[in-house]
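Below, each chain spelled out in residue letters.
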Amino acid sequence: MSQVHYLKTPLTDEDVMNLKAGDIVYLSGVMFTARDAAHKRLVDLIENKEELPFQLDGAVIYFVGPTPPKPGEPIGSAGPTTSYRMDSYSPILIKHGLKGMIGKGKRNQDVKDACKKYKAVYFGATGGAGALLGKLIKEAEVIAYEELGPEAIRMIRVENFPVTVINDAYGNDLYEEGRAKYEVKD
Amino acid sequence: MREIAYEDIVKAVKNMVLHTATNLPEDALKKLKEAHEKEKSPVAKKVLEQLLENAEIARTEKRPLCQDTGLAVYFVKLGQDVRITGGLLKDAINEGTEQGYIEGYLRASTCDCFTRENLKDVIGYNLPAIIHLDLVEGDKLEIAYAAKGGGSENVSRARVLAPAQGRDGVIEFVKSVISEAGPNPCPPIIVGVGIGGTFEKAAISSKYALFREAGEPHPDPAVAEFEKELLYELNKLGIGAMGMGGTETVLAVHVEKHPCHIASLPVSVNVQCHSSRHNHITL
Ligand code: SF4
């Protein structure tokens, strides 16, 4: 049965090991936003042994390119973007301490294997619920690559941000399991 | 000759863009509510609940429904008895688009194909719009608009089948496209299918099919029957809202059919996510 968890970031190995595909998690605390362009830069930094713009240990990255904020608001609409574009970068970040990723859509086997090997999880947020999810982001600040516009890295603070565990650290995949349960075979 | 002023087109387009970003059209909303009622999976039901809540927040607080505010796609029907004064029709549509996207704090999502440089300071904010123009009878100007997100475009496919593959071949192809897409296009989705014509005609028809009111059957009863059959087949896939498994994956299937060459059977599948931001104006 799917369980409900309330977790604070950064995530620990223990937090991760308590999660199973299909569980609902409400995340609170600091997370970082990044899309493909920012991921590429992070991986380049790691490869060149340079310092990253934020602490990767226990971090959660949210794959999102928000709309511009209206005056007086921290961020605009901010739902997840499709995750496969990050597949070639995520395993390296996971190896260096990343514990959680939030996006939408399937991940490849390399990402699933990395989650298992280094204890990390992939969460799904509701795609297209940008207005609702943007409201749960209480603070946002660009901390790197401002020139990338919506793709810049932002440090955000969220409160009870609702996500579902898609790939856990045990090799389970909600997309496969959920679908198998409701598929009607001829 | 009836005259329509450039500035009037700019203004009407801008207002349509602004309204559509934050107001989910009635037809899509109705379909989402129906799906929420029918859904058997509790996880998917919860997602559908969030989508309805999201639509409500977007409408009342004027926040964009989704952060991907799309490329602006238009189907324009220009009556032959209309003359546009003060500028070009395409420029007016582009200008209205740009103004709407800037004023609404919407995202500029156009970029160069290879350098990936955002074109907002090169061509214009979220420009150029994609404009399909048709000349028709009469003295009206009809502009239909969609804010088309990337997630659902990315899983869309076109193929030219062999005539012998026939109706069953089309069903099989559409099923394979939606199955492979899985969670990526933000289900529940609306599926546009263009059948026949040439390669590009099928693709454009599949997009045009998405401009119909969600769930409105094709006027030709045989085509409408085919839509029903496809809907049934696709929902058997069990993908569910956001791909987490469920009974309600596809909200509607719209098919557009066109005569084709004796040697070919072109098919195109264009996917529309649940954030079906469509609208139209008539001037
Ligand atoms: S597929 Fe649609 S709902 Fe999903 S992120 Fe893209 S535009 Fe938004």
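Refer to the structure above for everything that follows.
This write-up is about the structure you can find in this document.

What counts and what doesn't
Residues numbered from 1 in each chain as written. Chains lettered and ligands numbered in written order. Predicted model: local features only at pLDDT ≥ 70, side-chain atom pairs only at ≥ 80, totals over all residues. Heavy atoms only, no water. Buried < 20%, exposed > 50% of the residue type's maximum accessible area, 1.4 Å probe, protein only. Helix = DSSP H or I, 4+ residues; strand = E, 2+ residues; numbered from the N terminus. Arc of directions from axis to C-beta. Contact = heavy atoms within 4.5 Å. Polar contact = N/O pair within 3.5 Å; in protein donor to acceptor, adjacent residues only side chain to side chain. Pairing = 2+ DSSP bridges. Axes fitted to C-alpha atoms, helices over the stretch in contact; angles between N-to-C directions. Core = buried A, V, L, I, M, F, W, Y, C linked by side-chain atoms within 4.5 Å.

**Some thoughts on helix α4 (residues 109–118) of chain A**
Residues and elements named next belong to chain A.
Okay, so step 1: The set of residues buried in α4 consists of Val111, Lys112, Ala114 and Cys115. Taken down its axis, α4 places every buried residue within 160° of arc, on the same side.
Okay, so step 2: Lining the buried residues of α4 we find α3 (90–95), β4 (100–103), β5 (121–124), β7 (153–167) and α6 (174–182).
Okay, so step 3: Sitting at the head of α4, Asn108 places a side-chain oxygen 3.2 Å from the backbone nitrogen of Asp110.

**Some thoughts on the sheet that holds strand β5 (residues 141–148) of chain B**
Residues and elements named next belong to chain B.
Okay, so step 1: If you trace the four strands from one edge of the open sheet to the other, you get β4-β2-β5-β10, paired in mixed fashion. The sheet is open, and its two edges are formed by β4 (130–136) and β10 (278–282), each paired on a single side. Across this sheet, the average inter-strand angle for adjacent strands is 15°, counted without regard to direction.
Okay, so step 2: Packing of helix α1 (residues 6–22) onto the sheet brings it into contact with β2 (71–79), β5 and β10, and relative to β10 it is tilted by some 155°.
Okay, so step 3: In the packing of helix α7 (residues 199–209) onto the sheet, the strands contacted are β2, β4 and β5, and the crossing angle to β2 comes to about 95°.

**Observations concerning the nonpolar core**
Okay, so step 1: One finds Leu27, Met31, Tyr62, Ile102, Phe123 and Phe161 of chain A to be the most contacted residues of the largest nonpolar core, which totals 82 residues.
Okay, so step 2: Looking at this core, the element that brings in the most residues is helix α3 (residues 42–61) of chain B, giving eight residues.
Okay, so step 3: Once you skip the residues sitting within four places of it in the chain, Ile102 of chain A turns out to touch Leu27, Met31, Val60, Ile61, Tyr62, Phe63, Tyr122, Phe123, Ala125, Phe161 and Val163 of chain A.
Okay, so step 4: Listed in part, the 29 residues of the second largest apolar core include Tyr6, Met16, Leu106 and Ala129 of chain B.

**Comments concerning the sheet that holds strand β9 (residues 265–272) of chain B**
Residue and element names in this part refer to chain B.
Okay, so step 1: Judged by pairing direction, the sheet is mixed, and its four strands sit side by side in the order β6-β9-β7-β8 without closing on themselves. With one partner strand each, in any of the chains shown, β6 (157–161) and β8 (250–260) form the two edges of the open sheet. The sheet shows a mean angle of 15° between the axes of neighbouring strands, direction not considered.
Okay, so step 2: Two elements, strand β7 (residues 189–197) and β9, share six bridges in a ladder whose sense is antiparallel. Residue Ile190 lies in a different strand from β9, and its bridge partner there is Gln272.
Okay, so step 3: Contacts between helix α6 (residues 166–181) and the sheet are confined to β6, β7 and β9, with β9 contributing the most and set at about 30° to the helix.

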